[in-house]
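Residue strings, one per chain:
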Amino acid sequence: MSIKIVVQDEIVFLEYSPENGTDWIQKIFDKNEGFRAKGTFRLSKDELHINENKKTEEEKALDSLYETTKIFKIGKLDGSFYSISKKVLDTTSDILFHTSCRLSLKYFIVNSNMSILLRFEKLANQQIIIGGDDENSIPEQVFNDIIDSFPSKTEQRHYVDSRITNVLSQYLEGVKDSGKAFEKYLENRNKIGNLSTIPSIKGYEFEKYQFIIDTLKSMLDESDSYSENDWQIQILEIILILYPKYIRCFSGVQIKDYYTNPNKSTNRFIDLMLVDSIGNVDVIEIKKPFSNCIITKGTYRDNHTPLKELSGTIMQIEKYIFHFNKWGVNGERTLTKNYKSELPNNLDIKITNPKGMIILGRTKNLTARQLFDLEIVKRKYSNVMDIITYDDLIERLENIMGKFQN
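On a predicted model such as this, the values are computed, not experimentally measured, just so you know. (Residues numbered from 1 in each chain as written. Predicted model: local features only at pLDDT ≥ 70, side-chain atom pairs only at ≥ 80, totals over all residues. Heavy atoms only, no water.)

1. Here we look at the packing of aromatic side chains
As a reminder of what qualifies: In this analysis, rings of Phe, Tyr and Trp, with Trp reduced to its six-membered ring, are considered paired at centre separations within 6.5 Å, and the interplanar angle assigns stacked below 30 degrees, edge-to-face beyond 60, and tilted for intermediate values. Only DSSP runs of H or I with at least four residues qualify as helices, and only runs of E with at least two residues qualify as strands; both kinds are numbered from the N terminus onward. Throughout, exposure labels follow a simple rule: accessible area from a 1.4 Å probe, protein chains only, divided by the maximum for the residue type, with under 20% read as buried, over 50% as exposed, and the rest as partly exposed.
Applying the stated rule across the entire model yields 15 aromatic pairs. For the pair Phe97 and Tyr107, a centre-to-centre distance of 5.9 Å together with 10° between the ring planes defines the contact as stacked. With Phe97 in strand 7 (residues 95-98) and Tyr107 in the loop between strand 7 and strand 8 (109-110), this residue pair connects regions lying ten residues apart in the sequence. Owing to a relative accessible area of 0%, Phe97 belongs among the buried residues under this scheme. You can call Tyr107 buried: its relative accessible area is 2%. Through successive ring pairs, a cluster of aromatic residues spans Phe41, Phe97, Tyr107, Phe108, Phe120 and Phe143.

Following this line, the structure appears as structure tokens:
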């Protein structure tokens, strides 16, 4: 049996060549009845393409097919779309394909006899439009990706065998382990390559990170024109993209200090508190990129040491973390109550060994020896906080962007 889609003279044809000839189709039509081809196309004599006065060579070629093939008109050009008949597809509305789409049978049938367009319409509960710039249209590439992701007949067979084996092996000895065969099949299939959506995603991600890097470099060139607050807001936007686990950032967060004054608790205020996707909190300090603020030019006993800006910020972060941990469960309850309206539903804030992040300074003018000693400082505190210079930030973004280059 052969079945294919042909577009000609602004008409969409279905060429149907059953293995047992076409006499049975004519008998059905003589009874004014129809039939369903491949579980997808509902066909009747109304769609049958018959023209006794064929004039073009293409039409003559089609004529030679009539003995073994029935040709049906299933759609036509309507503006910039090919409109596929709802009567043929058994859908509520005609299905529209933009003229840029390369129509083929796989756009209509999945796994031999499942009507993919009918499934689309039932799930979407609206007219399906493929391709073009319509607001509600589905890009052809996305449509292709969905079709390509459908499990093949082989995968379905392996899956069914695996499920049956799982049940039978609980009651019978010597049952063939189809589960391993299924796993092996999936491994081999995945070696072929990723879903074809990845290239388009890569292009988007590359452009996104390129934009962020260009923006950050421009900000660094004009850092003096930013206030401290505006600078923090802009850099924080980049951080939330670079670290997608964080879903919220709160400023001016009040926490309790039970140790500075033994007789009563004192309120402290954290500049910026990050909250991740499961509610855990971390602390971040963002400083403007002043020159010569992270490590000394000179040495003390042959070592470059942290400057006051860096050492003071490290101490500040450590104290915040200390007070967080001492506040414990009471702090979790208080913070959850204070920020409940700004958090996703049912997400409670958790204080679970918070970590810190410091963003400050530049390294582009440091010597190799200074960079080495700075790395030692970073690693000393790596279990508590991440110390990032703006040049480190650019390097991280460029490395991420590199993953999405062709």
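2. Description of the sheet that holds strand 15 (residues 385-388)
Within a sheet, adjacent strands bond to each other through the backbone by hydrogen bonds, running parallel or antiparallel. The test is simple: Should DSSP find at least two bridges between two strands, the strands are regarded as paired. To obtain an axis, a line is fitted to C-alpha atoms, over the contacting stretch when the element is a helix, and the angle between two such axes runs from 0 to 180 degrees between their N-to-C directions. Should any heavy atoms of two residues lie within 4.5 Å, those residues are counted as being in contact.
On the basis of which strands lie adjacent, the open sheet formed by five strands has the order 11-12-13-14-15 and mixed pairing. One side of each edge strand has no neighbouring strand; the edge strands of this open sheet are strand 11 (246-257) and strand 15. Geometrically, the sheet is characterised by an average inter-axis angle of 30° between neighbouring strands, direction not taken into account. Examined bridge by bridge, strand 12 (residues 266-276) and strand 13 (residues 281-286) share three bridges and lie antiparallel to one another. Within strand 13, the residue paired with Val275 across the bridge is Val281. Packing of helix 9 (residues 228-242) onto the sheet brings it into contact with strand 11, strand 12, strand 13 and strand 14 (356-359), and relative to strand 13 it is tilted by some 130°.

3. Some words on the side chain of Asp282
Quick note on the threshold: We score Asp and Glu as negative and Lys and Arg as positive, and we do not count His or the chain ends. For salt bridges, the criterion is a side-chain nitrogen of Lys or Arg within 4 Å of an Asp or Glu carboxyl oxygen.
Along the polypeptide, Asp282 turns up in strand 13. Buried and unpaired, Asp282 has no salt bridge, with Lys245 as the nearest side chain of opposite charge at 4.2 Å. When sequence neighbours within four positions are dropped, the list of residues in contact with Asp282 reads Lys245, Tyr246, Leu272, Met273, Leu274, Pro354 and Lys355.

4. What about the pattern of salt bridges?
Enumeration over the complete set of coordinates arrives at 15 salt bridges. Of the charged contacts, one joins Arg362 and Asp391 as a salt bridge, the two residues approaching to 3.0 Å between their closest N and O atoms. Remark: Asp391 occurs in helix 12 (residues 390-403) and Arg362 occurs in the loop between strand 14 and helix 11 (368-380); sequence separation between them is 29 residues. The exposure classification of Arg362 matches that of Asp391, with both residues buried. Taken together, the salt bridges that share partners define one network made up of Arg36, Arg42 and Asp90.

5. Here's the deal with the pairing of strand 5 (residues 70-78)
Bridge analysis of strand 2 (residues 11-17) against strand 5 gives six bridges, and the strand direction is antiparallel. By the bridge assignment for strand 5, Phe13 is matched with Lys73. Relative to strand 6 (residues 81-84), strand 5 runs antiparallel, the two being bridged by four bridges. Opposite Asp78, over in strand 6, you have Phe81 as the bridge partner. If you look at the hairpin formed by strand 5 and strand 6, you'll find two residues sitting between the two strands, and Gly79 has a positive phi there, around 70°.

6. Examining the packing of helix 9 against helix 12
We apply this condition: Crossing handedness follows the turn of the near helix against the far one: under a right angle anticlockwise gives a left-handed crossing, and clockwise gives a right-handed one. Residues are sorted three ways: Asp, Glu, Lys and Arg are charged, Ala, Val, Leu, Ile, Met, Phe, Trp, Tyr, Cys and Pro are nonpolar, and all the rest, Gly among them, are polar.
Viewed as axis vectors pointing N to C, helix 9 and helix 12 meet at an angle of 35°, and their least axial separation amounts to 12 Å. In this structure, the crossing between helix 9 and helix 12 has a hand that is left-handed. Contacts between helix 9 and helix 12 involve Trp231, Ile235, Ile238, Ile239 and Leu242 from the first element and Tyr390, Leu393, Leu397 and Ile400 from the second. Split into classes, the residues belonging to the contact of helix 9 with helix 12 amount to nine nonpolar, no polar and no charged.

7. A word on the pairing of strand 13
Put simply, the test is: Whether a crossover is right-handed comes down to one check: with the strands pointing away from the viewer, does the path from the first strand over the helix to the second run clockwise; if it does, it is right-handed.
Of all six residues that make up strand 13, six are buried, and the element is covered over most of its length. Linking two consecutive strands that pair antiparallel, namely strand 12 and strand 13, is a turn of four residues; a positive phi of about 105° is found at Gly279 within it. With four bridges joining them, strand 13 and strand 14 adopt parallel strand pairing. Its bridge partner being in strand 14, Val283 is matched across the sheet by Gly356. This β-α-β element, strand 13 to helix 10 (residues 308-339) to strand 14, shows right-handed connectivity.

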